[in-house]
Amino acid sequence: MEVYGKRVTFYGRVAYSCLIIALLLTLCIDDACSQVPRRRPRNDKCPKVRAMRNFGLNAMMGSWYVIQYFASTEMFPEYGCMRSSFVTSDGFVTMNFTYVFLDDPAATFQQGNITWIIPNYGQPAHWVHAESSYEEIYNTYVIDTDYRTWALIMHCAEKTKSQKYLSALMLAREPTLGQNVINFLREKLPRYDIDVENMFAIPQENCTRMGTDAYAYYAYNTS
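The rules behind these values
Residues numbered from 1 in each chain as written. Predicted model: local features only at pLDDT ≥ 70, side-chain atom pairs only at ≥ 80, totals over all residues. Heavy atoms only, no water. Buried < 20%, exposed > 50% of the residue type's maximum accessible area, 1.4 Å probe, protein only. Helix = DSSP H or I, 4+ residues; strand = E, 2+ residues; numbered from the N terminus. Arc of directions from axis to C-beta. Contact = heavy atoms within 4.5 Å. Disulfide = S-S within 2.5 Å. 1 Å grid on protein atoms, 1.4 Å probe; cavity = no way out; pocket = protein on both sides within 12 Å on 5 of 7 lines; lining within 4 Å. Points joined across faces, edges and corners; volume = space filled by probe spheres on them. Nonpolar A, V, L, I, M, F, W, Y, C, P; charged D, E, K, R; others polar. Pairing = 2+ DSSP bridges.

(A) Examining helix α3 (residues 179-186) more closely. Within α3, burial applies to V181, I182, L185 and R186. One side of α3 holds all its buried residues, which, seen down the axis, span an arc of 130 degrees. Packed against the buried residues of α3 are β1 (62-71), β7 (150-158) and β8 (165-172).

(B) The arrangement of unusual backbone geometry in detail. Unlike most non-glycine residues, C81 shows phi in positive territory, near 55 degrees. Residue placement: C81 occurs in strand β2 (residues 79-89). The phi dihedral of N206 falls on the positive side, at around 55 degrees, and the residue is not glycine. By secondary structure assignment, the location of N206 is in the loop between β9 (200-201) and β10 (208-209).

(C) Layout of the state of the cysteines. Within this structure, the stated rule accounts for two disulfides. Take the cysteines of the protein chain that form disulfides and number them in order along the sequence; they join up as 1-3, 2-4.

(D) Structural view of the environment of G112. Examined against the element boundaries, G112 turns out to sit in strand β4 (residues 110-117). Put simply, G112 and Y99 are 13 residues apart on the chain and 8.8 Å apart in space, counted from C-alpha to C-alpha.

(E) Region of interest: the layout of surface pockets. Within this model, the second largest pocket holds a volume of roughly 380 Å³. Along the walls of the second largest pocket sit 20 residues, with M82, F97, I114, Y165 and L169 positioned nearest its centre. When residues of the lining of the second largest pocket are traced back to their parent elements, those giving at least two are β1, β2, β3 (92-101) and β8. Top element by residues in the lining of the second largest pocket is β1. It accounts for four residues. Split into classes, the residues belonging to the lining of the second largest pocket amount to 14 nonpolar, five polar and one charged.

(F) Representation of the pairing of β2. Burial of β2 is extensive: eight of the 11 residues sit out of reach of the surface. Pairing of β1 with β2 involves four bridges; the strand directions are antiparallel. Bridging across to β2, S63 finds its partner in S85. Note that β2 and β3 share nine bridges and pair antiparallel. Its bridge partner lying in β3, R83 is registered against T98. Hairpin connection from β2 to β3: two residues lie between these consecutive antiparallel strands, with D90 at a positive phi of about 55 degrees.

Encoded structure:
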């Protein structure tokens with residue numbers, strides 16, 4: 001009985017020691033994990049966006065200067081003299097735009113266009129890319145506008161083989177926009193996963209070539 005009792009005590013001590021070691025290891029692992037920065041989970045889905053209510057599509061049309069822009073694939077400012085002109089017809093919205101690359105010493109105007117379809121006329125501030133070349137779901141939203149002075153639009157594409165693509169454009173009818181308005185519009189964007197620290201100003205100075213400006217040169221609709 002005495003030997004049996006000692007055996008019980010010995011095994012009890014072994015079990016107790018194992019328990020203490022396990023607890024210490026757990027504490028060490030938890031402490032080590034707390035020291036390692038945790039990666040934010042990758043979110044490949046576009047944010048839920050509520051497009052502007054009571055949006056007047058026709059009032060949005062016409063010419064705009066792009067005052068600031070954000071693109072999730074760009075970490076440095078790249079563009080200058082970016083301007084756009086919106087037209088709508090038969091359920092489509094087209095934006096023609098011009099810009100120059102900041103690192104182009106000749107400052108040659110580049111031209112492009114995007115066409116959207118309005119999927120639901122009950123929500124005319126939500127557009128979807130109409131070009132067949134876009135394989136992704138590519139939504140565009142008018143976040144807010146007063147039509148006469150400023151507007152804010154954003155795009156989001158859920159790509160099939162890479163992370164989502166986000167972009168945003170701050171627009172103005174004139175080449176400049178007051179800082180209070182710029183701050184007001186920038187405050188609307190973080191809720192849509194847009195990092196305003198990487199939203200860059202677009203210079204609008206010295207934007208004439210061949211004695212005329214880009215709108216006239218490319219015969220944009222400026223009405």
